[in-house]
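What follows is the residue order along each chain.
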Amino acid sequence: MHGRERNGRGHGHDVNHFSEKVSFIWSVADLLRGDYKQSDYGKVILPFTILRRLDQVLAATRQAVWDADAKYPKGATLDTIRDNRLLKAAGQSFYNTSKLSLDTVTAADCARDLTVYVQGFSADARDVMEKFRFDEQIRRLDEANLLFRVVQKFRGIDLHPYRRQPDGALLLDSATGDPVPNVTNLEMGYIFEELIRKFSEQSNETAGEHFTPREVIRLMVNLLLAPEKDLTRSSVVKTLYDPACGTGGMLSVAEEWLRGFNTEATFHVYGQELNDESFAICKADMLIKGQDANRIKKGNSFTEDGHPHARFDYMMSNPPFGVDWSKAEKAVTDEHEQKGHGGRFGPGLPRRNDGSLLFLLHMMSKMKPVEPGPDGATGGSRIAIVFNGSPLFTGSADSGESRIRRHIVENDLLEAIVALPDQLFYNTGINTYVWIVTNRKPKHRKGKVQLVNGVAYFQKMRKSLGDKRKELSDDHISALTKVYEAFTDGPHSKVFRNEDFGYLRITVERPLRLSFQVTPDRLLKLVDHKGWRGLVEGPRGKPLSQAERDAGEAIQKTISGVLKALPPGPDCGVWKSRETFVGVLEAEFKKLRLKVPATAVTAVVESLAVRDESADPCKDKKGHIEPDPDLRDNENVPLTDDIDAYMKREVLPHVPDAWVDVEKTKIGYEIPFTRHFYEYVPPRDLGVIEREIRELEAAIQVKLREVLV
């Protein structure tokens, strides 16, 4: 795919190119200061930016829409017919029937005019403005005498898709006769992105919640589409879905890539977004580009699946890192328990404070089935998703996370994981990873997983954007794509078998060894033992009668006498066999015809016991050796290893009496990415370090003398 990659500008270049427009738009904040909190600036700036863009996109066909509106009046024409005629007249996937525009809104009736103008939009465009709660901002700005000043400010920004001549006519290219681009849809996407970034910083939003750097998306698209051989067909129709689409960056870049690669291809994009402002921007973007905006759904993908029965060719997402899914817990848990693998979350549930893997399970449920064909399998889907490091290894064997990883790997769905550099995202400096998941691996990748270490593929940005200090150039994207496509072992790539990521978590037990002796300090422990106190105190909440207390005290006194009269143990005064010691005790009680409660016997045994490695192993009533809970340990044995061989090699040479409790063995899966690319760096020679220290000391002495003189 690297040979087919479109030539595109790096993210940093676009930011700089449009910084003037972004700065001009954000300068509206100067008007809002005092009447709005900083965190609320975006509630005004973002919807007005979209309104200005929609307003200018419709400028060329405004009269045609008015004519169609008059010809097919509302109420006298079927809604579907009228809507189709107006859309055709507008030449877009939205229209506005009002006789107003942002340029004709008057100062005297600004609030009324603006409200009427917004109400004149078609349903999808109105929905965008409603999600911004734009009517509330109109009222608030009007009450603060700021509304018309804000409108005037936005009149001064040119977001028209094409350049115009002084009389307003489109400027045409002298060679081709085509309109000369001014602010393209892709460029408008960059402007949205920068404004959202500023809004996010002001609001202290969660890292990466609304947008993903464009160069990261381009890499993801390359990895996603690299093996695709049918994208050159003129009649190809593909679908793309993002369940946490934010402002639509992934959908936009993927569509732009495919159209740039094959202009005759048809690419339908679908998405869902929880945040109102992000949803509004994404839907506006779809409207501007002529996509069906109804394919962008509002709501929580876990509880309100906007595309419940749909299946997609490609899926991409950058879900929020470490997102808490407790609000959706009931719906998700119910689906997991009631539908099992027939639902989305059958493989397992991660911990509530990190729902990243739930997004992947949700996307996997929307994979197209693979169908056999004359030229090999057809159908199926490919997924690219961005995670932090947590989904790689969080959760022990048999935990929800481990079960999900096991399901993915054992079903041969994990194709590759690519590690990205740190400081690549705007609001977080952590390392991130792109997972490629698919149910139609190429033949040479079946049963295998590729890990690509791309942490060294970056360039420093001239100017940081929040926490983003690094970026991927086109060369880095191309190089990483080549490493991925090569599918060979090397310094930045390693290929593993699926089973290499699985392990058996075994429980290693050692015998419980106790010795017994009657000593003053151990008798003090007996006095405080709850089983001993229970003879005179009774169970909590149920006090004993006086007669019962007297009987209990009598038993205590008799037992104390027995213990003091016991002969010393056979091994230097110590009993090194629990069975022998208990047998002697019970024989003494039997001689006295004393009926001792089992809890009291337990109290005596536990109080007089100490762990003793030289003692005999303790056994239960069936003669089985009892394990010592304090010596219990766990070992992770690779699935490719034999447990008995592992024990002989790694454990028994150190603790010969150990054994494995096979009933407690669990299967786990983890992907220790960093471990596989770790390179040992030997420490520097001590002589070199000593010489450097002496040189530093000499330099310090020189500086001190300069100061003192």
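Residues numbered from 1 in each chain as written. Predicted model: local features only at pLDDT ≥ 70, side-chain atom pairs only at ≥ 80, totals over all residues. Heavy atoms only, no water.

Novice: Residue-level account of the overall build of the chain, with values.
Specialist: From N to C terminus, the chain includes 27 helices and 19 strands. Computed over C-alpha atoms, the radius of gyration of the chain comes to 36 Å, more than 25% over the 27 Å expected from 2.2 N^0.38 for 709 residues, which places it beyond the range of a compact globule. Its C-alpha atoms give the chain principal-axis dimensions of about 120 × 90 × 70 Å. Here the chain, with 709 residues, has 50% of them falling under the buried criterion. Residue pairs at least 24 apart in sequence account for 76% of intrachain contacts in the chain once pairs closer than 6 positions are excluded. When the accessible surface of the chain is summed, it comes to about 34,600 Å², and 50% of that surface belongs to carbon and sulfur atoms. Side-chain charges in the chain split into 101 positive and 104 negative, and the spacing between the mean points of these groups amounts to 2 Å. (Helix = DSSP H or I, 4+ residues; strand = E, 2+ residues; numbered from the N terminus. Rg over C-alpha atoms; globule rule 2.2 N^0.38 Å. Buried < 20%, exposed > 50% of the residue type's maximum accessible area, 1.4 Å probe, protein only. Contact = heavy atoms within 4.5 Å. Areas by Shrake-Rupley, 256 points an atom, 1.4 Å probe, with all protein chains shown as cover. Lys, Arg positive; Asp, Glu negative; His and termini not counted. Charge placed at Lys NZ, Arg CZ, Asp CG, Glu CD.)

Novice: Describe in detail the nonpolar core, supporting the description with residues and values.
Specialist: Ranked by internal contacts, the top residues of the largest apolar core, which has 106 residues, are Phe 48, Leu 114 and Met 316. Aside from chain neighbours lying at most four places away, what touches Phe 48 is Leu 114, Phe 134, Leu 141, Leu 147, Val 150, Val 151 and Phe 154. By size, the runner-up hydrophobic cluster in this structure holds 41 residues, among which are Ala 244, Leu 392, Val 437 and Ile 671. (Core = buried A, V, L, I, M, F, W, Y, C linked by side-chain atoms within 4.5 Å.)

Novice: Outline the environment of Gln 272, supporting the account with residue identities and numerical values.
Specialist: Here Gln 272 shows up in strand 2 (residues 266–273). For the pair Gln 272 and Asp 292, spaced 20 residues apart in the sequence, the C-alpha separation amounts to 13 Å.

Novice: Please give an account of the pairing of strand 11 (residues 459–465) that cites residues and values.
Specialist: Both strand 11 and strand 12 (residues 468–471) contribute to a ladder of three bridges, which runs antiparallel. Residue pairing across strands places Lys 460 opposite Lys 470, the latter belonging to strand 12. Hairpin geometry of strand 11 and strand 12 is characterised by an intervening segment of two residues between the two adjacent antiparallel strands and by a positive phi of about 65° at Gly 466. (Pairing = 2+ DSSP bridges.)

Novice: Can you tell me about the environment of Tyr 36, naming the residues and giving the values?
Specialist: As for its position among the elements, Tyr 36 is in the loop between helix 3 (29–32) and helix 4 (41–57). When the C-alpha positions of Tyr 36 and Arg 140 are compared, they lie 9.6 Å apart, and in sequence the two are 104 residues distant. Those residues within four positions of Tyr 36 in sequence are excluded, and the remaining contacts are Tyr 41, Val 44, Gln 137, Arg 140 and Leu 141. A polar atom in the side chain of Tyr 36 sits 2.8 Å from the side chain of Gln 137. (Polar contact = N/O pair within 3.5 Å; in protein donor to acceptor, adjacent residues only side chain to side chain.)

Novice: An account of unusual backbone geometry is needed here, citing residue identities and associated values.
Specialist: The phi dihedral of Asp 398 falls on the positive side, at around 75°, and the residue is not glycine. Inspection of the secondary structure puts Asp 398 in the loop between helix 17 (390–393) and helix 18 (400–410). Overall, Asp 398 belongs to the partly exposed group, its relative accessible area being 32%. Although it is not a glycine, Arg 593 sits at a positive phi angle of roughly 55°. Summarising the element assignment, Arg 593 is placed in the loop between helix 23 (578–591) and helix 24 (598–608).

Novice: Any chance you could break down helix 7 (residues 110–119) for me, citing the residues and the numbers?
Specialist: Every buried residue belonging to helix 7 is among Cys 110, Asp 113, Leu 114, Tyr 117 and Val 118, and all of these are buried. For helix 7, the angular spread of the buried residues around the axis is 130°, confining them to a single face. Buried positions along helix 7 lie against helix 4, helix 5 (62–71), helix 8 (123–131), helix 9 (134–143) and helix 10 (147–155). (Arc of directions from axis to C-beta.)

Novice: Provide a residue-level description of the packing of helix 20 (residues 520–528) against helix 21 (residues 530–537), including the pertinent values.
Specialist: Contact geometry for helix 20 and helix 21: axes closest at 5 Å, N-to-C directions at 50°. In terms of orientation, helix 20 and helix 21 fall into the oblique class. Residues Leu 526, Val 527 and Asp 528 of helix 20 pack against Lys 530, Trp 532 and Arg 533 of helix 21. Of the residues in the contact of helix 20 with helix 21, the class split is three nonpolar, no polar and three charged. (Axes fitted to C-alpha atoms, helices over the stretch in contact; angles between N-to-C directions. Parallel < 35°, antiparallel > 145°, perpendicular 65-115°, else oblique. Nonpolar A, V, L, I, M, F, W, Y, C, P; charged D, E, K, R; others polar.)

Novice: Which residues make up the sheet that holds strand 3 (residues 296–298), and what values go with them?
Specialist: Sheet architecture is open: nine strands sit in the order 3-2-1-4-7-9-8-10-13, paired in mixed fashion. Both outer strands of the open sheet, strand 3 and strand 13 (493–497), are each paired with one neighbouring strand and no more. When strand polarity is set aside, the average angle formed by the axes of neighbouring strands in this sheet is 15°. Pairing of strand 4 (residues 314–317) with strand 7 (residues 382–387) involves four bridges; the strand directions are parallel. Its bridge partner being in strand 7, Ser 317 is matched across the sheet by Ile 385. Sitting on the sheet, helix 12 (residues 214–225) is in contact with strand 4, strand 7, strand 8 (414–419) and strand 9 (433–438), with an inclination near 155° to strand 4.

Novice: Can you tell me about a nonpolar patch on the surface, naming the residues and giving the values?
Specialist: Taken together, the side chains of Leu 696, Ile 700, Leu 704 and Leu 708 make up a nonpolar region of the molecular surface, amounting to roughly 440 Å² of accessible area. Its place among the elements puts Ile 700 in helix 27 (residues 686–708). Residue Ile 700 is classed as partly exposed on the basis of its relative accessible area of 48%. (Patch = residues over 30% accessible without salt bridge, like charges linked within 9 Å, V, L, I, M, F, W, Y side chains within 5 Å. Salt bridge = Lys/Arg side-chain N within 4 Å of Asp/Glu carboxyl O.)

Novice: Now, about the pattern of salt bridges: what can you tell me, with residues and values included?
Specialist: Applying the stated rule across the entire model yields 49 salt bridges. A salt bridge links Arg 139 to Asp 135; the shortest N-O distance between them is 4.0 Å. With Arg 139 and Asp 135 both in helix 9 and four residues apart, the pair spans about one turn of that helix. In this structure Arg 139 comes out as partly exposed when scored by relative accessible area, which is 48%. Asp 135 gets classed as partly exposed once you look at its relative accessible area, which sits at 45%.

Novice: Outline the state of the cysteines, supporting the account with residue identities and numerical values.
Specialist: Put plainly, two cysteines are in a disulfide when a covalent bond ties their sulfur atoms together. With the rule as written, the count across this model stands at zero disulfides. Not part of a disulfide, Cys 245 finds its nearest cysteine sulfur in Cys 282, a span of 3.9 Å. Here Cys 618 stays unpaired: no disulfide links it, and the sulfur of Cys 572, its closest cysteine neighbor, is 19 Å away. (Disulfide = S-S within 2.5 Å.)

The values are spatial; any link to function lies outside them.
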